[in-house]
Amino acid sequence: MLAVRESMGRQQLVAVQADNRLRPLHDSEDFYSAPAMSDSGARIAWVSWSLPDMPWVASLLWTAHVAADGKLIQARCWPTPTDGCVQQPVFDGEELHVLSDHEGWWQPWHVSFAEGRANWTCLDAMAADHASAPWQLGECHYCALGQGGWARVRYVSGVGELWLKVYADAPSVRVGRAYTDFRHLTVFDGKLYCIARSASRLDAVLAVNPETGHVHTLAGGECPFPDRPVVTAETFRIPPSEGVHQEVSGFLYPPVQGGRKSAPPPLILIAHGGPTSTAWPVFNPQVQFWCHHGFAVAEVNYRGSAGFGRDFRLALAGNWGQAEVEDMERAADYLVAGGRADASCLFVQGRSSGGYTALRAMIHSRRFRAGASLFGVSDPSRLREVTHRFESGYLDWLLGSHEAFPGRWRERTPVLQAHHIRGPMIFFQGGQDRVVVPEQTRTMVRVLEQNRQPVELWWFEEEGHGFRQQHNQITLLEKLLAFYQRHGQKCDDGGKQFR
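Below: a short report on this structure. Along each chain, residue indices are assigned from 1 in the same order as the chain's sequence is written. This being a predicted model, a pLDDT of at least 70 is required before a residue's local features are given, and a value of 80 or more before pairs of side-chain atoms are given or counted; all residues contribute to the totals for chains, interfaces and linings. Values shown for side chains rest on all heavy atoms present in the structure; no hydrogens or waters enter the calculation.

**Describing the side chain of Ser198**
For step 1, the next point in the chain: We count a stretch as a helix when DSSP gives it H or I for four or more residues in a row; a strand needs E for two or more, and each element gets its number in order from the N terminus. When you line up the elements, Ser198 lands in the loop between strand E17 (191–197) and strand E18 (204–208).
For step 2, the next point in the chain: Under the relative-accessibility criterion, Ser198 is labelled buried at 2%.
For step 3, the next point in the chain: The term polar contact refers here to a pair of N or O atoms within 3.5 Å; inside protein, the definition further demands a hydrogen-donor-capable atom paired with an acceptor-capable atom, and it admits residues adjacent in sequence only when both atoms are side-chain atoms. From its side chain, Ser198 meets the backbone nitrogen of Ser200 in a polar contact 3.1 Å long. When a residue's accessible area, from a 1.4 Å probe over protein chains only, is under 20% of the maximum for its type it is buried; when over 50% it is exposed; and in between it is partly exposed.

**Topic: unusual backbone geometry**
For step 1, the next point in the chain: With an omega of 10 degrees, the peptide bond between Leu51 and Pro52 qualifies as cis.
For step 2, the next point in the chain: With respect to the element layout, Pro52 can be found in the loop between strand E5 (43–49) and strand E6 (60–66).
For step 3, the next point in the chain: Look at the link from Gly274 to Pro275: it is a cis peptide, with omega at 0 degrees.
For step 4, the next point in the chain: When you line up the elements, Pro275 lands in the loop between strand E22 (267–271) and helix H1 (285–292).
For step 5, the next point in the chain: Phi at Ser157 takes a positive value of approximately 55 degrees, unusual for a residue other than glycine.

**Notes on the nonpolar core**
For step 1, the next point in the chain: Leu267 and Leu269 are the most contacted members of the largest nonpolar core, which has 71 residues in total.
For step 2, the next point in the chain: Those residues within four positions of Leu267 in sequence are excluded, and the remaining contacts are Leu252, Ala296, Val297, Ala298, Leu335, Ala341, Cys345, Leu346 and Phe347.
For step 3, the next point in the chain: Only buried residues count toward a nonpolar core, which is a set of Ala, Val, Leu, Ile, Met, Phe, Trp, Tyr and Cys residues joined through side-chain atoms within 4.5 Å. Of all hydrophobic cores here, the second largest spans 27 residues; its members include Trp290, Leu374, Phe460 and Leu476. Only heavy atoms matter for contacts: two residues are in contact if any of them lie within 4.5 Å across the pair.

**As for the packing of H1 against helix H9 (residues 470–487)**
For step 1, the next point in the chain: Angles run from 0 to 180 degrees between N-to-C directions of axes, and those axes are lines fitted to C-alpha atoms, restricted for helices to the stretch in contact. In contact at an axis separation of 12 Å, H1 and H9 are set at 35 degrees when each is read in the N-to-C sense. Our pair here, H1 against H9, has a crossing hand that is right-handed. Here Gln286, Phe289 and Trp290 of H1 come into contact with H9, specifically with Leu477, Leu480, Leu481 and Tyr484.
For step 2, the next point in the chain: Three categories are distinguished: nonpolar for Ala, Val, Leu, Ile, Met, Phe, Trp, Tyr, Cys and Pro, charged for Asp, Glu, Lys and Arg, and polar for the others, with Gly belonging to the last. Here the contact of H1 with H9 is built from residues that sort into six nonpolar, one polar and no charged. Two helices that cross are described as forming a left-handed crossing if the nearer one is turned anticlockwise from the farther one by less than a right angle, and a right-handed crossing if clockwise.

Take a look at the structure:
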């Protein structure tokens, strides 16, 4: 059993032996992930990266030979031909494959070796990411089917697609079109298995026959609401504009109107967390909650989101708190101009780093009637002091070096710029949060109170970073709904924004 072990602030690649003893294999790098063995057991591959990088910024493919006694020999790294990062090495027999984005997208590559050099051959030149950002260990977005065949996931405009190539010369065929995301692909006894997510059903475990493309649901996949409609996403795309050279997209969920036509609805714009993450068009009960209470919801894949190529993903470097805020504003303007939202009833919310984006939007813009921060970052400098090892260099990448750009850090720290907020804010915070230190939120609320700004704080002492207890999740939605309803009433001044 291969594993990544973390102890005393270091990581090791280890083997767990039959007698349960751990055998260290490699330990010279800061981080390890995705160890894979060849069929013969004679070769091993893995991914490593070093601080201050995150694995979606720069990472390296490593290989080694496995001696008869289990020791690794001839271990060495193989840089990508140009700057890039790799993930998910996989052996098909003795042939090594890996996902690399050195040509702009996470694409599958065959890596062969001759005379001390690595030869990289692209196996699918489709301009699409074939994986999401590697926040977690053990992801698997592709796997070998035998006879040169493959199963692969592609992300196209934020939607996951499952493609099969039954053998080397066969055409690629898309299967499972009812689903919008696929994870943890594996093959057993001639069948492909995966976890699939849908826009209108609960998550499912699928079995796929590669020969026929037939998809069978083994577990899950139930309709979540037998007595009410499920609102599915509509993709919207904001074209490039002056100063923004990349298309930005997202998913709009219209409100359930009960068959009645009405004026444009109030809109909640949601900034996903990460921030190097993605909003997927998959069933989300909280989004459904808002739609069934008369709100439209827009989830925005702002610049810096994963799944749209390397350049788009890295566009947030040094620009956090600015680029994604501009994109949230552009999304609001675009949807209002298209008649999909009421300009006088726009709300912005986010959790974790998305809460930071919501605060920055409330500081930077007067478009939004009110904002909500769910265990959001309000003091990046404080977070930098206490964050865990994995993200210890992330904030300097997002905002630039703290030492080189102190003015930028001050300008983009919500607790220091709270006097610019002119609309109501609501905060939700767990007392056991070990990511966003709870005192950050208390300080932010205290500053707003001193500035005589409307502010609410709902404290959940037993919760951490992300609320897990059902009754607390219910309370959060109820309090947030009441907040939006209270501040979403039409103003006597004809719907003008807060001053």
